[in-house]
Amino acid sequence: GKNIMAILKIAKMGHPILLQKAKKVDDPTDPKIKTLVNDMLETLDDLGNGVGLAAPQVHVSLQVVIFETVSDDGKEANLITLINPKIDVLTKETSIDWEGCLSVPGLRGQVNRPNKIKYSGLDLKGNKIETIAEGFNARVVQHECDHLFGILYPHRMKDLSSLQFVSEAKHWVNRNE
Ligand code: NI
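Residues numbered from 1 in each chain as written. Predicted model: local features only at pLDDT ≥ 70, side-chain atom pairs only at ≥ 80, totals over all residues. Heavy atoms only, no water.

Q: Can you help me understand the overall build of the protein chain in this one?
A: Along its length, the protein chain carries 5 helices and 8 strands. Listed by position from the N terminus, the elements making up the protein chain come as α-β-β-β-β-β-β-β-α-α-β-α-α. On C-alpha atoms alone, the protein chain measures out to a radius of gyration of 16 Å, which is about the 16 Å that the 2.2 N^0.38 rule sets for 177 residues. Along the longest, intermediate and shortest principal axes, the C-alpha atoms of the protein chain span 55 × 35 × 35 Å. Counting across all 177 residues of the protein chain, residues that qualify as buried make up 41%. The contacts of the protein chain with a sequence gap of at least 6 include a subset with a gap of at least 24, amounting to 67%. Counting every atom, the protein chain has about 10400 Å² of accessible surface; 50% of that belongs to carbon and sulfur. (Helix = DSSP H or I, 4+ residues; strand = E, 2+ residues; numbered from the N terminus. Rg over C-alpha atoms; globule rule 2.2 N^0.38 Å. Buried < 20%, exposed > 50% of the residue type's maximum accessible area, 1.4 Å probe, protein only. Contact = heavy atoms within 4.5 Å. Areas by Shrake-Rupley, 256 points an atom, 1.4 Å probe, with all protein chains shown as cover.)

The structure is reproduced here in structure tokens:
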């Protein structure tokens, strides 16, 4: 049949689905899951300013995330679909960096996270994925997987004084940093 894709509406902070624990996917090969992922990819592409999306952000409380990781030399980007993910932290080292979120539009804030993780889960064929991620990639995966447990990045901020509107901060970035 014809493959019709759809651009989905993004749930914003304040919508209760963003605070729920998402359900595990029973069968990753279910065509409904493939449709969901395709629609999430289409939605992310349409928005053009995100590096990842979690199913609860499109009002579906299932453990599905998509995210972009970048190769070490920064030249290659890969779009990963991860179902029923699990994260193992591999280091005590952490770093603080800026994060934004499509469900918290216009804002950014500094979040402290572990530098190195292993993420595991399933792909759309039901095959096991197991990957080590560091730095920015590790941050993106942790941010997206947090969405499956009702956690938004502002909940992780130790110091809310860095929470700011990007449109305001851009006037000051060279003077402050
Ligand atoms: Ni987010």
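Q: Just checking my understanding: could you explain helix H1 (residues 31-47) for this structure?
A: With 17 residues, H1 extends 24 Å between its outermost C-alpha atoms, agreeing within 8% with the 24 Å of an ideal straight helix rising 1.5 Å per residue. All of the buried residues in H1 are Ile33, Leu36, Val37, Asn38, Asp39, Met40, Thr43 and Leu44. On the buried face of H1, the contacting elements are strand S1 (52-54), strand S2 (64-70) and strand S3 (77-89). Regarding H1, its N-cap is Asp30, as a side-chain oxygen of that residue lies 2.9 Å from the backbone nitrogen of Lys32 further along. Two residues or fewer past H1, Gly48 is found with a positive phi of approximately 70°. (Expected span 1.5 Å × (residues − 1). Polar contact = N/O pair within 3.5 Å; in protein donor to acceptor, adjacent residues only side chain to side chain.)

Q: Before we go on, may I ask you to explain the environment of Glu99 in this structure?
A: Position of Glu99 relative to the elements: it lies in strand S4 (residues 94-99). Along the chain, Glu99 and Ala54 lie 45 residues apart, while their C-alpha atoms are 15 Å from each other. If near-sequence neighbours (up to four positions away) are discounted, Glu99 is found in contact with Leu107, Arg108, Gly109, Val111, Arg113, Arg139, His143 and Tyr153. Of note is the side chain of Glu99, whose polar atom sits 2.8 Å from the side chain of Arg139.

Q: What am I meant to see in the packing of aromatic side chains here?
A: Each aromatic ring pair is described using two quantities: the centre-to-centre distance and the angle formed by the ring planes. Applying the stated criterion across every chain, the model contains 1 aromatic pair. Ring geometry for Phe67 and Tyr119: centres 5.4 Å apart, planes at 90°, overall edge-to-face. A residue pair is termed long-range when its members are at least 10 positions apart, and Phe67 in strand S2 and Tyr119 in strand S6 (residues 116-122) qualify at 52 residues. Judged on exposure class, the residue Phe67 and its partner Tyr119 are both buried. Its guanidinium or amino end placed over the ring of Trp98, Arg108 lies 3.7 Å from that ring's centre, counting from NZ or CZ. (Phe/Tyr/Trp six-rings, centres within 6.5 Å; stacked < 30°, edge-to-face > 60°. Lys NZ or Arg CZ within 6 Å of the ring centre and 35° of its normal.)

That's the geometry; what it means functionally is another story.
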